[in-house]
Amino acid sequence: MNISQLETLITISKTMSFRKAGELLNLTQPAVSAQIKSLEEEFKTVLVDRSQPVTLTDRGQVFVDHAEQILGIVDELKQRLSDLDQTPQGHIQLGTTTSIAIQILPRVLSYFQDQFPHIKTTIQSMASSQIYHSVENGLIDIGIGYLIERNPNLSTSVLYYDTFELVVSPQHPLAKLSTANMDVLAGTPLILLTRDTVGRRFADEVMKKHGVDPQVVMELSSSEEIKRMVEINLGAAIISKQSVATELRNGTLQIVPLSELEVSHPVGVIYKSGRYVSSAMRQFLSDLKGMPETQFISSE
């Protein structure tokens, strides 16, 4: 049974003619007859009394009543699908780092949810390396993180660029320096991100390149935890500049300029190539990609 057969039977019930039904449906009379015969064989019953004028049997009338309900449901489904293009709705599983979730997403989501209140967003915090794995394996729909690798199964788009900086408390001895070199790190207690993060890998690479043997006194999984430790002067840290924007404005943290750290790192959106993109995802991706870089970057 298919929708076309149901439409044909309903049209016959209204026109009481195979020929007129065919004209209305742009079908030949043999095609109309074949469709009705196929229905009757499938349901093992006679639906149409073919004497003139053509009428429905009692079973045919019951069938038409249900066929009209089915077509009504199909029409409603088509309308709902069409409405999704006009009013996107659905649920997005979003994965991102803790610092992005706290510093960046509130500005993005406040706009997005005002515009599209029918879209629900669930946010999971994770390291950028985990974001790639989670998107590829369908555990989250969209990731926002550092673009650290190329994967043929994933699509990416740059949203903004970030840097990693040496930050200290205003009471730290290094806070007095207007500039510094890598040598100061050798004797400075450092509070660093865990080794599965982009920031830690970058810091390790730079220090190894310049022959610095770091004095790591603490490893933490998020920039938010590190900032609190640095604010109470337990050590210096190398973390995302964007993650400390608020603290820099408030004067609770201070950047110690290190030219060796001046490398831009792209931050962007990550999603699986070739997967079905729901109306909610499509709208969210479109809005993200259309936002200017200033929407993501905080001024100090």
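What comes next is a walk through the structure. The structure displayed is predicted, hence computed values, not measured ones.

### Here's the deal with the packing of aromatic side chains
Each aromatic ring pair is described using two quantities: the centre-to-centre distance and the angle formed by the ring planes. What the rule picks out here adds up to five aromatic pairs. For the pair Phe 43 and Phe 63, a centre-to-centre distance of 4.9 Å together with 85° between the ring planes defines the contact as edge-to-face. Residue Phe 43 is located in helix H3 (residues 29-43), and its partner Phe 63 is located in helix H4 (residues 58-86); the two are separated by 20 residues in the primary sequence. Pairing Phe 112 with Phe 116 gives two aromatic rings, centres 5.2 Å apart and planes at 45°, and the pair type is tilted. Overall, the relative accessible area of 15% leaves Phe 116 in the buried class. An aromatic cluster of three or more residues is present, and its members are Phe 112, Phe 116 and Phe 284.

### Quick look at the environment of Phe 112
Looking at where Phe 112 falls in the secondary structure, it is placed in helix H6 (residues 105-115). With a relative accessible area of 1%, Phe 112 lands in the buried category. In this structure, the C-alpha to C-alpha distance between Phe 112 and Pro 257, residues 145 residues apart in sequence, is 36 Å. Apart from residues no more than four positions distant in its own chain, Phe 112 is found in contact with Ile 119, Ala 280, Gln 283, Phe 284 and Asp 287.

### Focus: H6
Along an α-helix, residues three or four apart share an orientation, since each turn contains 3.6 residues. Listed as buried for H6 are Leu 105, Val 108, Leu 109 and Phe 112. Buried residues in H6, looked at end-on, bunch into an arc of 90°, giving them a common side. Contacts made by the buried residues of H6 are with strand E3 (90-96), helix H5 (98-103), strand E4 (119-125), strand E5 (142-146) and helix H12 (279-290).

### Let's talk about the nonpolar core
Counting 46 residues, the largest nonpolar core has Leu 166 and Leu 185 as its most contacted members. No fewer than three residues from each of domain 2 (87-160 + 266-296) and domain 3 (162-264) sit in this core. In this view, Leu 166 contacts Leu 174, Leu 185, Ala 236, Ala 237, Ile 238, Gln 254, Ile 255, Val 256, Leu 258 and Leu 261; residues no more than four positions away in its chain are not counted. By size, the runner-up hydrophobic cluster in this structure holds 17 residues, among which are Ile 10, Ile 12, Ile 36 and Phe 63.

### Details of the sheet that holds strand E10 (residues 236-240)
One open sheet holds the five strands; their spatial order is E9-E8-E10-E7-E11, and the pairing between them is mixed. Of all strands in the sheet, those with a lone pairing partner are strand E9 (215-220) and strand E11 (254-256), marking the two edges. For this sheet the average axis-to-axis angle between neighbouring strands, irrespective of direction, equals 40°. In this sheet, E10 lies alongside strand E8 (residues 189-193) in parallel orientation, the contact comprising two bridges.

### Quick word on the pairing of E8
With respect to burial, E8 is a largely interior element, four of its five residues being buried. Pairing of E8 with E9, which is carried by five bridges, proceeds in the parallel orientation. Considered in E9, the bridge of Leu 190 is made with Val 216.

### Quick notes on the pattern of salt bridges
If you walk through the whole model with that rule in mind, you get 12 salt bridges. Of the charged contacts, one joins Glu 224 and Lys 227 as a salt bridge, the two residues approaching to 3.1 Å between their closest N and O atoms. You can see Glu 224 and its partner Lys 227 sitting in helix H10 (residues 223-231), three residues apart, about one turn around the helix. The same class applies to Glu 224 as to Lys 227, namely buried. A salt bridge links Arg 228 to Glu 231, with the shortest nitrogen-to-oxygen separation between them at 2.8 Å. On the criterion of helical spacing, the pair formed by Arg 228 and Glu 231 is a turn pair, its members being three residues apart in helix H10. Bridged by salt links that share partners, the residues Glu 224, Lys 227, Arg 228, Glu 231 and Glu 247 form one connected network.

### Some details on unusual backbone geometry
With omega at -5°, the peptide bond leading from Gln 52 into Pro 53 counts as cis. In this structure, Pro 53 sits in the loop between strand E1 (48-49) and strand E2 (55-56). Positioned with a positive phi, Met 16 is a non-glycine residue whose angle comes to about 55°. For Met 16, the position within the fold is in the loop between helix H1 (3-15) and helix H2 (18-25). A relative accessible area of 40% places Met 16 in the partly exposed class. Positioned with a positive phi, Lys 44 is a non-glycine residue whose angle comes to about 55°. Position of Lys 44 among the secondary structure elements: in the loop between H3 and E1.

Each value, and the rule that gives it
- Residues numbered from 1 in each chain as written.
- Predicted model: local features only at pLDDT ≥ 70, side-chain atom pairs only at ≥ 80, totals over all residues.
- Heavy atoms only, no water.
- Phe/Tyr/Trp six-rings, centres within 6.5 Å; stacked < 30°, edge-to-face > 60°.
- Helix = DSSP H or I, 4+ residues; strand = E, 2+ residues; numbered from the N terminus.
- Buried < 20%, exposed > 50% of the residue type's maximum accessible area, 1.4 Å probe, protein only.
- Contact = heavy atoms within 4.5 Å.
- Arc of directions from axis to C-beta.
- Core = buried A, V, L, I, M, F, W, Y, C linked by side-chain atoms within 4.5 Å.
- Domains from an automatic or database assignment.
- Pairing = 2+ DSSP bridges.
- Axes fitted to C-alpha atoms, helices over the stretch in contact; angles between N-to-C directions.
- Salt bridge = Lys/Arg side-chain N within 4 Å of Asp/Glu carboxyl O.

By themselves, these figures tell us nothing about what the structure is for.
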